Amino acid sequence: MQKRRDKLAGFLIVFFIVFAGYFYTLAPTVSFWDCGEFIACSYILGVPHPPGTPLVVLVGRIFTLLPIFSEIARRVNLASALSGSLAAGFLYLIVVKLWERWRGSPSFLHHLAAGACAIAGAFSFSVWDSSVEAEVYSPSNFLVVFILWLGLLWEDNLKKHGSKNILFLILYLVFLSIGVHLLPFLAFPGLLIYILIVDHEIHRDKKLVYLFLALSGGALFFMIILKAAANVQILPLMLLLSGLVYTVIINFRDFGREKPPVITRNISLCILLIFIAVSTYAYLMIRAHLDPDINEAEPTTFKALWAVFNREQYGPMQLFPRRTSIETGLSLIPAFWEQIKIYLKYFSWQYVPFPREDVNTVLRFLSVIGTYLYVFLGIFGMWVHYREDKKTFWYLFITYLLTGLGLVVYLNLKFSPSDPNPAHKPREVRERDYFFLTSFFLFALYIGHALAYLAEKAKEKWEKKEALYPVYAGMVILAFLPFISNIKSHVNRRGNWMAHDVGYNMLSTCRENSILFTNGDNDTFPLWFYQFVKRYRLFDAEEKKGVIVANLSLLNTSWYIKQLKRRGVPMDFASTFENTVYRRKWEEARMTGKTDKDFEEWVIDHLYPTRSLDGKILYVKDMAIRNIIATACGRKLPFEDMIAPVDSFVKKYIESGFNPSVNIYFAVTVSKDNRQGYEEHFVLEGLAYRLVEEKGKNMIDFARTESLLYNFRYTSIFDPNVYKDDNARRIISNYGAVFFTLGNGYRRKVIPERNYFLMYTRDLKLNLTPEERKYLEKAKKAYLMGMRFLSGDIAPFVIELKGVLCLLGEYDEAEKILKETIATTKNPEELAFYYSLLGDVYYDKGDIQKSKQAYTNTLEINPKEENALAGLLEIAWYKEKNETAARKFLRKLMKNPEIFAKVMRYCNFRQKKDLLIAGIEEWLKEHPDDKEARRMLDSLRRM
C-alpha cells in the first residue's frame, strides 16, 4: 500500500510540475501550421486534412465546451498540455516499476531518478513544442507511453484472474489511436516480442515463437504480393494483419486449455474491439455528408474515406529512391546517412540551446558538453537496462528504435530547411523534428536508468545521508536544465498572438463579397480559424457579404473545386467543356451506368494538368482561376480560351469589360508563379492584391492600404518577450514588404526613378512643394514602420529611408538610424555598406571631414566598396577642388582594374562627366593602345 502511495505521489508531483511549465507557456490562441485547422474543426465538428484524425476532433470538441478560458483556441491547446503531462507521469511510473522489479522496493533515489528523467523528457524541445498547441503529436506520444506501461502492468498481473483484459485494452487503444496518429502503432512490435519472451519463460517451449514467425512471414508475403499485383497501400493492410496476428498470439495458449466457446468469445471480443476503436472514422463520413465549412477531401463514400485514411491526396509513401538522393545524385547509403544526420541534428536540439539557437561562444561550448552528457547517460542507461532485464529491455528498446531510426527509414524525408549546404535539395517546407518526439522522449527513460544506477553506487560508497545531497542536486539540475535551456525558444508561446492576428488582418484586407486566393497552411488555417471560430467575415454569396478563402494548393483537387462552387464561388465548367470530347465520354458513362453525376460535376472529377497553347503547363488550379474570373464577369469561357496563353486570356477577359460579381484578391503570400500574368492588373490593398481592369505597374490603393496597415492588429509582433522562429519571421516580413511598397509608392509621386537612385540624393536639387513634402513624410513613416517587422536584410529600407530623410533635410535623423543599424549589424559586407551610406549623409549635410572618416571606416572593412571609393573621389574633386589628389586616387584605383571599372560605372551612372574624362585620361596614360577607351574619351569630350 505504501508503495502505491509513493508512486501516486511521485506521479502527481511529476504531472503537476510538467503541467505548470506547459500551462505557463501554453499558446493563448491559434498557432501557425495545422493548429488553426484542428481548432476550427473541433469547434464546428469539421473534417480536417487526411488522414482525418477524427478522435482528435472529437476530443477537441469536448475541450471547446469547457468554460475555463474565453479564448476557444486556448481550451483546445490545453488538451495537448494535459497529454504531455500525463505522458511524463507514466514515463515516471515505467522507470519506477522497472526498478521495483529489479530491487524489490524502490528507494527515494529511484523515485528521484525516475522523476528527473520524466521532467527532462517532458521539457525536451520537440516534446514541449508540441505540448503547448493544438496538434496530434502530444496525444499520440502519451498513448505510446501509456501502452508501454500497460504492457508492464500485464506481466505484473499475469498470474491474476483477468490479466488478459489488459491485453484487450492495449489492442483497443492501439487501434483507437489511429484516430489520433499512427505513431502509437509502433508500440505493437515491441509488445508482441515482449509477449513471446514472457510466454517462453512460463511454458519453456517455442510454439508461440514459431507461430508468430509463421504468421508474420505469411502476412509479409501476402502484403508484398498484393503490393506487386494491385499496388495496394501497405499501411492499412499492415495495421489489419498486425491486429489479427496479435489476436491469435494472445489467445493461442487458450487452445486446449479453455472451452471452445471461451476461445470464440475472446477472439470475437478482439475483433469487436478493433471495430469499435476504428469506428471513430465513421465520424468523418457522417460529418462530410452534412458538409461543414471545413470538409477536407469530402469523404462521403467508403472509397473517399479509404482515400483519406491512405492520404492519397499527398501521393504514395515510397522508400526508394531516398529523397536526399533525387537532386544530389547520392547513392543509397550516403543518401540514407544524410537522413540519419537529420535525425541526429534534431536530437541535438532537445536539451540545450545550441545548435538550434544562435548563441554566444560560451553557451555553444556548454551546449556541446550538455548534449554529450545526456547522450552518455542515455547510452549508459541502455547498458544498465540490458544488464538488469533483457526481457523489458527489448520491449522498450524496439519501440524506441522504431520511433527513431524506424521512422527515418519509413518517412524518407527531404533535407532540413535549415541545412547550411546549398546543394542539399529538395527541402521540407518546415522542420520535421516533431515526427521523432516520442523517440526523444523515450531516450529520457534511459537517462533515468543511468541516474538510478549511479545514485545507487554513490549510496553504497557514501553511507552518510549528507554526502548524497550533491547527487540529489545533480539529478534536479539534469531534470530542469532542458527547461532552462528551452524556455526562451519557440516552445514558449506565452503572449504569442501572431497567427491569430494574421487571420484577422488578412480577412480585414478584403472588401465585402470577395474571393481571396491563398498559398498554403499559414495563410489559410489562421483565416479558417478566425472565420469559423470567431465568426468573422463569413461568406454569404446571396447577401454579397464576407470573404471566401480559396487555397491554391487545394484548388488542384476536384472535391475542393466542387465545394467552392457550392459555397457560391462563380464557376461554370459545363460551358467550358460543352463542345469537347468530355461531353461524349460523359454521355457514354451515363449510358453504361458508370456515373450518375451531372456533366459539370463529372468534368470537375476528370480535370487534370494540361498544356496551354504556348506549351506551358496549365495546372488544375490555373484552369479554376481562369474559370472563376470569366464566370464572375458573366462570361462563358470556351475551352480554347481556358488553354490560351496567359497574356491572351488577360487581354480578352480582364483588359476588356472586367466587372466581376465578386472582388478577386490574391494574398501577398501567394507565390510569384501563381500570380504570373495577372500582376499588371493588381492593385495593392493591405495584405492582398485586388484584380482590376486597369493596367499598370506597382499600383496601390493608397487610402485603403494606409488605413488598413495602420489599423491592423500587431498584438505580439513587437513584444521582445515573444519568440519568433524562422517561420514567424518570414510571415511577419510580409507586413514589412507591404509597408515598403507603400513607402515606395509615395516616394515615386515625388521621384519616380528606380529604388537605389535614392542612394545619391546629393544629385537631386529639389524645391519640394508642400504636397511633395507630405508624400515624402508618408513614405518616411511607412519605411520606419516597415523596418520594425524585419530581422534580416533591411538594406532596401535603409537606402530609401536615408534618401527620403536627406531630401527632407532631416540629416540628424538619417545619421541616427544609420548608426543604430551599424551597431546591430554583424555581416562585414553589410556593415561596410552602411558606413558608406553614413558617409553619403555627412556629404549631403556638408560635413566633409565626417564624410571622409565614414568612407575610410568603410574601406577598412571592405577595401572594394565602390560607393565609398567614389565618395572619396568626389570629395577630392568637388569639395576640396584638388584635381591632383583626385587623379592620384584614380591611378591608385587602376592597380585593381576590377575596382577601377566599378568606380567608372558609378561615375557614368551618376553622370559625372568630368570624373569619367579624368579617369579615362589616367587610364590611357598607362594603356595608350586601348582604342575603345580613346573612343569613349573622344565621345565624352564632344558631348
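For the structure given in this document, a descriptive report is provided here. (Residues numbered from 1 in each chain as written. Predicted model: local features only at pLDDT ≥ 70, side-chain atom pairs only at ≥ 80, totals over all residues. Heavy atoms only, no water.)

Attention now goes to the overall build of the protein. Counting its secondary structure elements, the protein contains 41 helices and eight strands. Sequence-distant contacts in the protein: of pairs separated by 6 or more residues, those separated by 24 or more amount to 70%. A total of about 42,200 Å² of accessible surface is found on the protein, and carbon and sulfur atoms cover 59% of it. In the protein, 118 side chains carry a positive charge and 99 a negative one; their mean positions are 4 Å apart. (Helix = DSSP H or I, 4+ residues; strand = E, 2+ residues; numbered from the N terminus. Contact = heavy atoms within 4.5 Å. Areas by Shrake-Rupley, 256 points an atom, 1.4 Å probe, with all protein chains shown as cover. Lys, Arg positive; Asp, Glu negative; His and termini not counted. Charge placed at Lys NZ, Arg CZ, Asp CG, Glu CD.)

Further remarks concern the packing of aromatic side chains. Think of a pair of aromatic rings as described by two things: how far the centres are apart, and how the planes are tilted against each other in angle. What the rule picks out here adds up to 80 aromatic pairs. Between tyrosine 469 and tyrosine 472, the ring centres sit 6.1 Å apart and the planes meet at 45°, which makes this aromatic pair tilted. With tyrosine 469 and tyrosine 472 both in helix H19 (residues 469-486) and three residues apart, this pair spans about one turn of that helix. Accessibility expressed as a relative area gives 43% for tyrosine 469, which makes it partly exposed. For tyrosine 472, a relative accessible area of 18% corresponds to the buried category. Note on tyrosine 714 and tyrosine 735: the rings are 5.2 Å apart at their centroids and 90° apart in plane angle, and the pair reads as edge-to-face. In this pair, tyrosine 714 is assigned in the loop between helix H30 (702-709) and helix H31 (726-748) and tyrosine 735 in helix H31, connecting sequence segments 21 residues apart. (Phe/Tyr/Trp six-rings, centres within 6.5 Å; stacked < 30°, edge-to-face > 60°. Buried < 20%, exposed > 50% of the residue type's maximum accessible area, 1.4 Å probe, protein only.)

Within the fold, glycine 404 resides in helix H17 (residues 390-411). Through-space distance from the C-alpha of glycine 404 to that of phenylalanine 440 is 7.9 Å; in sequence the pair is 36 residues apart. If near-sequence neighbours (up to four positions away) are discounted, glycine 404 is found in contact with Tyr343, Phe436 and Ser439.

Read across the sheet, six strands follow the order E2-E1-E5-E7-E6-E8 without closing on themselves; strand pairing throughout is mixed. Of all the strands in the sheet, the pair left with one neighbour each is strand E2 (547-551) and strand E8 (699-700). Sheet analysis places strand E1 (residues 514-518) next to strand E5 (residues 663-667), joined by four bridges and oriented parallel. Each residue of the ladder has a partner; that of serine 514, found in E5, is asparagine 663. (Pairing = 2+ DSSP bridges.)

This part covers a nonpolar patch on the surface. Together, Met317, Leu319, Phe320, Leu332, Ile333, Val409 and Tyr410 make up an exposed nonpolar region whose accessible area comes to about 650 Å². For the nonpolar patch, the elements supplying multiple residues, two or more each, are helix H15 (332-348) and H17. Structurally, valine 409 can be placed in helix H17. (Patch = residues over 30% accessible without salt bridge, like charges linked within 9 Å, V, L, I, M, F, W, Y side chains within 5 Å. Salt bridge = Lys/Arg side-chain N within 4 Å of Asp/Glu carboxyl O.)

Of all hydrophobic cores here, the largest spans 280 residues; its most connected members are Tyr246, Phe436, Phe517, Ile664 and Tyr678. Of all the elements, helix H4 (residues 72-103) adds the most residues to this core, at 18 residues. The residues contacting tyrosine 246, other than those within four sequence positions of it, are Leu167, Ile170, Leu171, Phe188, Leu191, Leu192 and Ile195. Core analysis: the next-biggest nonpolar cluster, separate from the first, contains 33 residues, Ala870, Ile875, Leu890 and Leu915 among them. (Core = buried A, V, L, I, M, F, W, Y, C linked by side-chain atoms within 4.5 Å.)

Moving on, we get to unusual backbone geometry. A cis geometry characterises the amide bond from proline 50 onward to proline 51, with omega recorded as 10°. Locating proline 51 in the fold gives a position in the loop between helix H2 (35-44) and helix H3 (54-64). That bond from lysine 425 to proline 426 is cis: its omega, 0°, falls within 30 degrees of zero. With respect to the element layout, proline 426 can be found in the loop between H17 and helix H18 (437-461). We note that arginine 204 has phi near 55°; this positive angle belongs to a residue other than glycine. Looking at the secondary structure, you find arginine 204 in the loop between helix H9 (187-203) and helix H10 (207-230). In this model, arginine 311 sits at a positive phi of 55°, which is unusual for a non-glycine residue. Since its relative accessible area comes to 36%, arginine 311 is described here as partly exposed.

What follows is about the environment of glycine 919. Within the fold, glycine 919 resides in helix H40 (residues 913-926). In sequence terms glycine 919 and alanine 901 are 18 residues apart; their C-alpha atoms lie 9.8 Å from each other. If near-sequence neighbours (up to four positions away) are discounted, glycine 919 is found in contact with Leu890, Phe900 and Met904.

As a further point, take H3. For H3, the set of buried residues is Pro54, Leu55, Val56, Val57, Gly60, Phe63 and Thr64. Next to the buried residues of H3 lie H2, H4, helix H8 (164-176) and helix H13 (281-290).

Let us look at the pairing of E1. The buried fraction of E1 is high, at five of five residues. Here E1 shows two buried faces, one formed by Ser514, Leu516 and Thr518 and the other by Ile515 and Phe517. As paired strands, E1 and E2 are joined by five bridges and run parallel to one another. What sits directly across from phenylalanine 517, in E2, is alanine 550. In this view, the connection linking E1 to its parallel neighbour E2 by way of helix H21 (residues 525-532) has right-handed handedness. (Right-handed = clockwise from strand over helix to strand, strands pointing away.)

To continue, consider the packing of H4 against helix H16 (residues 361-388). Relative orientation of the contacting elements H4 and H16 amounts to 45°, with a least axis distance of 11 Å. Overall, the two elements H4 and H16 adopt an arrangement that is oblique. Crossing geometry of H4 relative to H16 is assigned as left-handed. Here H4 contributes Leu98, Trp99, Trp102 and Arg103 to the contact with H16, which in turn contributes Val384, His385 and Glu388. Residue composition of the contact of H4 with H16, by class: four nonpolar, one polar and two charged. (Axes fitted to C-alpha atoms, helices over the stretch in contact; angles between N-to-C directions. Parallel < 35°, antiparallel > 145°, perpendicular 65-115°, else oblique. Left-handed = near helix turned anticlockwise from the far one by under 90°. Nonpolar A, V, L, I, M, F, W, Y, C, P; charged D, E, K, R; others polar.)

This brings us to the environment of tryptophan 497. Inspection of the secondary structure assignment puts tryptophan 497 in the loop between H19 and helix H20 (498-509). Residues tryptophan 497 and histidine 606 lie 109 residues apart in sequence; the distance between their C-alpha atoms is 41 Å. The residues contacting tryptophan 497, other than those within four sequence positions of it, are Pro28, Thr29, Glu71, Thr715 and Ser716.

This paragraph deals with H15. The end-to-end C-alpha separation of H15 is 24 Å, in line with the 24 Å expected for 17 residues at 1.5 Å each. Among the residues of H15, those classed as buried are Ala335, Glu338, Gln339, Ile340, Ile342, Tyr343, Tyr346, Phe347 and Ser348. (Expected span 1.5 Å × (residues − 1).)

Another aspect to go through is the side chain of arginine 537. As for its placement among the helices and strands, arginine 537 is situated in the loop between H21 and E2. Judged by relative accessible area, which is 13%, arginine 537 ranks as buried. Here the side chain of arginine 537 touches leucine 507 through a polar contact of 2.9 Å, landing on its backbone oxygen. Looking at arginine 537, its side chain comes within polar contact range of the main-chain oxygen of arginine 511, at 3.2 Å. Ignoring any residue separated from it by four or fewer positions in sequence, one finds arginine 537 in contact with Leu507, Ser508, Cys510, Arg511, Glu512, Gln531, Gly546 and Val547. (Polar contact = N/O pair within 3.5 Å; in protein donor to acceptor, adjacent residues only side chain to side chain.)

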